[in-house]
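# What the coordinates show
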Amino acid sequence: MRRPFIAGNWKMHKTVPQALELVEELRGLLEGEEGVEIVVAPPFTALYPVAQVLKGSVIKLAAQDCFWEEEGAFTGEISPVMLADVGCAYCIVGHSERRHIFGEGSREVARKARALLTHGISPIVCVGETLEERERGEALKVVGEQMEGSLAGLSGEDMARVIIAYEPVWAIGTGKTATPQQAQEMHAFLRQWAWEKFGGDVASTLTILYGGSVKPGNIQGLMAMEDIDGALVGGASLRASSFAQIVKGGKG
Ligand code: PGA
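Residues numbered from 1 in each chain as written. Predicted model: local features only at pLDDT ≥ 70, side-chain atom pairs only at ≥ 80, totals over all residues. Heavy atoms only, no water.

## Notes on the packing of aromatic side chains
Throughout the structure, instances matching the rule amount to five aromatic pairs. Chaining the aromatic ring pairs together yields one cluster made of Phe67, Trp68 and Phe74. One cation-aromatic arrangement involves arginine 98 over phenylalanine 102; the distance from NZ or CZ to the ring centre is 4.1 Å. (Phe/Tyr/Trp six-rings, centres within 6.5 Å; stacked < 30°, edge-to-face > 60°. Lys NZ or Arg CZ within 6 Å of the ring centre and 35° of its normal.)

## What to know about the side chain of asparagine 9
Tracing the backbone through its elements, the reader meets asparagine 9 in strand 1 (residues 5-9). With relative accessibility at 5%, the residue asparagine 9 sits in the buried group. Engagement of the side chain of asparagine 9 in a polar contact is seen with the backbone nitrogen of lysine 11, the distance being 3.0 Å. Ignoring sequence-local partners within four residues, the contact set of asparagine 9 consists of Ala41, Gln64, Ile92, His95, Leu232, Val233, Gly234 and Ser237. (Helix = DSSP H or I, 4+ residues; strand = E, 2+ residues; numbered from the N terminus. Buried < 20%, exposed > 50% of the residue type's maximum accessible area, 1.4 Å probe, protein only. Polar contact = N/O pair within 3.5 Å; in protein donor to acceptor, adjacent residues only side chain to side chain. Contact = heavy atoms within 4.5 Å.)

## Digging into the packing of helix 1 (residues 16-30) against helix 12 (residues 240-251)
Where helix 1 contacts helix 12, the two axes come as close as 9 Å, and the packing angle between them is 35°. The interaxial crossing formed by helix 1 with helix 12 has right-handed handedness. Of the residues in helix 12, those in contact with Leu22, Glu25, Leu26, Leu29 and Leu30 of helix 1 are Ala240, Ser241, Phe243, Ala244, Val247 and Lys248. Considering only residue class, the contact of helix 1 with helix 12 consists of eight nonpolar, one polar and two charged. (Axes fitted to C-alpha atoms, helices over the stretch in contact; angles between N-to-C directions. Left-handed = near helix turned anticlockwise from the far one by under 90°. Nonpolar A, V, L, I, M, F, W, Y, C, P; charged D, E, K, R; others polar.)

## Looking at the site of the ligand
Near the ligand there are 13 residues, and of these Lys11, His95, Glu167, Gly173 and Ser213 occur at the shortest range. With respect to the ligand, the side chain of histidine 95 contributes an N or O atom lying 2.7 Å from an oxygen atom. If the ligand stood free it would expose 280 Å²; the protein chains cover 95% of that surface. Here the shell around the ligand is composed, by residue class, of four nonpolar, seven polar and two charged. (Near = heavy atom within 4 Å. Areas by Shrake-Rupley, 256 points an atom, 1.4 Å probe, with all protein chains shown as cover.)

## Section: helix 7 (residues 139-150)
Relative to the 16 Å expected for twelve residues at 1.5 Å per residue, helix 7 spans 16 Å between its end C-alpha atoms, a close match to the ideal helical length. All of the buried residues in helix 7 are Ala139, Val142, Val143, Gly144, Gln146, Met147 and Ser150. If you follow the buried residues of helix 7, they end up packed against helix 4 (96-101), helix 5 (106-118), strand 5 (122-127), helix 6 (131-135), strand 6 (163-166) and helix 9 (180-198). (Expected span 1.5 Å × (residues − 1).)

## A closer look at the pairing of strand 5
Taken across its six residues, strand 5 has six buried, putting it largely inside the fold. By the alternation rule, side chains of strand 5 split into Ser122, Ile124 and Cys126 and Pro123, Val125 and Val127, which are all buried. Examined bridge by bridge, strand 4 (residues 90-93) and strand 5 share four bridges and lie parallel to one another. Across the sheet, residue isoleucine 92 finds its bridge partner in strand 5, namely isoleucine 124. As paired elements, strand 5 and strand 6 share four bridges and run parallel to each other. Directly across from valine 127, in strand 6, lies its bridge partner tyrosine 166. (Pairing = 2+ DSSP bridges.)

What follows is the structure in structure tokens.
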């Protein structure tokens, strides 16, 4: 049995006072929720203060990215050690905005994922095709290659702690959601991929999130699909009421 998993990716939004206001409201709306993993990913500057508010809460903390080294002369970077220190349980890696705006490739994503696992943080590894790739009929091929590259060097044991997020680039922040059927097709492909690579135990327990314009109105249709275990929510996670509705809808 896979537990529903709903994560809010705040991206480059929220000052510290705004982040605290949001997370305090979320605590009020979601405290006591059971049977669902609830995660928020504030920007780096808000991680520590948000962690203080989340002490003793069911809501877990994630970062949006990291570097793979522990420390050193890497101006502007944040290490997994630092993220563990402020209480991150998860860290998003390979988000399509990192891949497309900042030119990150799957090789870097895999290094980050491995470094996070070493420090007890579960990576949320993002994959997804562009509209052109989908229209060329290459969505499965592209996403399969991203999985191969982004999970390179991980063992089956590592994979038990990895979360996958399928986020079609054409659905992110566009208001255009993949249909539940389109998402299910990809999720089934991803689970099959994990089956062939790591075996049945890993594949059947692997949490695969869908991301891309998830809202209170479409979460239930997505979660009704066999291989969709949760959501990575951008825009709709910036307001407590809509994120809380998605969490409750995601629980079914
Ligand atoms: P969106 O973003 O929900 O605003 O489409 C999702 C994401 O990029 O994680």
